[in-house]
Amino acid sequence: MAGPRVEVDGSIMEGGGQILRVSTALSCLLGLPLRVQKIRAGRSTPGLRPQHLSGLEMIRDLCDGRLEGAEIGSTEITFTPEKIKGGIHTADTKTAGSVCLLMQVSMPCVLFAASPSELHLRGGTNAEMAPQIDYTVMVFKPIVEKFGFRFNCDIKTRGYYPKGGGEVIVRMSPVKQLNPINLTDRGCVTKIYGRAFVAGVLPFKVAKDMAAAAVRCIRKEIRDLYVNIQPVQEPKDQAFGNGNGIIIIAETSTGCLFAGSSLGKRGVNADKVGIEAAEMLLANLRHGGTVDEYLQDQLIVFMALANGVSRIKTGPVTLHTQTAIHFAEQIAKAKFIVKKSEDEEDASKDTYIIECQGIGMTNPNL
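Keep in mind that this is a model prediction, so the values were computed, not measured.

### Focus on the packing of aromatic side chains
The tally for this structure, following the rule as stated, stands at six aromatic pairs. Each member of the aromatic cluster is reached from another via a ring pair, and the members are Phe-140, Phe-147, Phe-149, Phe-151 and Phe-302. Residue placement shows Lys-163 over the ring face of Phe-240; its charged tip is 5.7 Å from the ring centre.

Pasting the structure below:
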């Protein structure tokens, strides 16, 4: 029997799609009816956009829930979850809306399903304002699997702004519980690698130029490591539309992963795209944390659900992370403490420890 509705103000803090993703995922997991008001109230186009709608509909379908007010431009939804079920689920943003964000909202839920799941996600794989699928596979996946589960991510087709048209299939089995994680030892950088891609009509030279510019930029700061960035021409049958971009990853001796990435836009030269990604990576290596600024907020929901105390060391705590913590505390009743790192080597840096007493969510179906 559903209890009283959880009331969420969609206009506070990050004030956008992330509040919807975190609150609906937690509502679905905990079986708590939810109302979100003032959705994206401060944005230039307020209310639900197509990609938010496809995320909500996917969560509804995962648990045979009831969803009201879910249409484009709507600023209020109510959601009544039921039992989470496995099986095949499809979500299509019909735009370049990010498949990675669809994965972000659905993954915690299907971990607590009754049986294995297969998620068919369609939209942009390498799109603005969202993680690129390469980030999800190369950084998010190995770190999030430390919570004690595995998933498989099969990139069928890549899709770019503005058309989308990409498809990714994610397969995973449910777990009984999630283990807490402790990521506080940064280690030292042992390798740097990446990929610079072009798709569609863009010449291969663009990929080579992005890679070369990024390597030059990194060499200025990190001289003793070989930087291996592969230029790639995406095969015609595995990419829809035109696009270019780059992702660069740094790996440390303790298995930490950091990334810098950038996407090409019309009229922006290739060197600039490469340099932007390199500078983002270097900035993420300066703060002394064990996760980069984009991984921070993606780990919060898992920390909140885990059985025990998790700790991660980060650079400056982002608004997305603060938002995720706020709702994980409000809805899941997890307890977070964010404090400045007291380690000697972090004294001169803006480094924090995010600690969470997880709620020890148990899968009722297993």
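Back to the write-up after that little detour.
### A look at the UniProt feature "domain: RNA 3'-terminal phosphate cyclase insert" (unreviewed entry) in the protein chain
What UniProt calls "domain: RNA 3'-terminal phosphate cyclase insert" (unreviewed entry) maps, in this numbering, to residues 184–285. Measuring from the first to the last C-alpha atom of residues 184–285 gives 14 Å, for a span that is 33% helix and 36% strand.

### Thoughts on the pattern of salt bridges
Using the criterion set out here, one finds 26 salt bridges in the structure. The salt bridge involving Arg-158 is made with Asp-134; its shortest N-O contact spans 2.9 Å. Here the residue Arg-158 occupies a position in strand E7 (residues 151–159), and Asp-134 occupies one in helix H4 (residues 133–144), the gap between them amounting to 24 residues. Note on accessibility: Arg-158 and Asp-134 belong to one class, buried.

### A look at the packing of helix H1 (residues 17–30) against helix H2 (residues 50–62)
Contact geometry of H1 with H2 gives a least axis separation of 10 Å together with a crossing angle of 5 degrees. Put simply, H1 runs roughly parallel to H2. Contacts between H1 and H2 involve Gly-17, Leu-20, Thr-24 and Cys-28 from the first element and His-52, Leu-56 and Ile-59 from the second. Among the residues making up the contact of H1 with H2, the classes are represented as four nonpolar, three polar and no charged.

### Describing unusual backbone geometry
Tyr-161 connects to Pro-162 through a cis peptide bond whose omega is 0 degrees. Residue placement: Pro-162 occurs in the loop between E7 and strand E8 (166–172).

### Some words on the pairing of strand E2 (residues 34–37)
Because side chains alternate across E2, one face comprises the buried residues Leu-34 and Val-36, and the other comprises Arg-35 and Gln-37, none of which is buried. Pairing geometry for strand E1 (residues 6–9) and E2, over four bridges, is parallel. Opposite Asp-9, over in E2, you have Gln-37 as the bridge partner. In this fold, the crossover linking E1 to E2 by way of H1 has right-handed handedness. Judged from the three bridges that link them, E2 and strand E4 (residues 77–80) form a sheet pairing that is antiparallel. By the bridge assignment, Val-36 is partnered in E4 with Ile-77.

Rules and cut-offs
Every chain's residues receive numbers from 1 upward, in the order its sequence appears when written. Two thresholds apply to this predicted model, a pLDDT of at least 70 for residue-level local features and 80 or more for giving and counting side-chain atom pairs, whereas whole-chain, interface and lining totals are computed over all residues. Heavy atoms throughout the structure, all of them, feed into the side-chain values; hydrogens and water do not. Each Phe, Tyr or Trp ring (for Trp, its six-membered ring) is paired with any other whose centre lies within 6.5 Å, and the angle between the two planes then decides the class: stacked below 30 degrees, edge-to-face above 60, tilted in between. Sitting over a ring, as applied to charges here, requires NZ of Lys or CZ of Arg to be within 6 Å of the ring centre and within 35 degrees of the ring normal. UniProt positions are given in the numbering used here, feature names are shortened, and annotations may be inferred rather than shown by experiment. Put simply, DSSP marks the helices as runs of H or I at least four residues long and the strands as runs of E at least two long, and each gets a number from the N terminus on. A carboxyl oxygen of Asp or Glu within 4 Å of a side-chain nitrogen of Lys or Arg is what we treat as a salt bridge. Burial here depends on accessible area, computed with a 1.4 Å probe over protein chains only, as a share of the maximum for the residue type. Under 20% is buried, over 50% is exposed, and the range in between is partly exposed. To get an axis, fit a line to the C-alpha atoms, keeping to the stretch in contact for a helix; angles then go from 0 to 180 degrees between the N-to-C directions. The labels follow the angle: roughly parallel below 35 degrees, roughly antiparallel above 145, roughly perpendicular from 65 to 115, and oblique for the rest. Two residues qualify as a contact provided that any one of their heavy atoms is within 4.5 Å of a heavy atom in the partner residue. When residue character is reported, Ala, Val, Leu, Ile, Met, Phe, Trp, Tyr, Cys and Pro are called nonpolar, Asp, Glu, Lys and Arg charged, and the others, Gly included, polar. Two strands make a pair as long as DSSP finds a minimum of two bridges between them. Looking down the strands as they point away from the viewer, one classifies a crossover as right-handed if the path from the first strand across the helix to the second runs clockwise.

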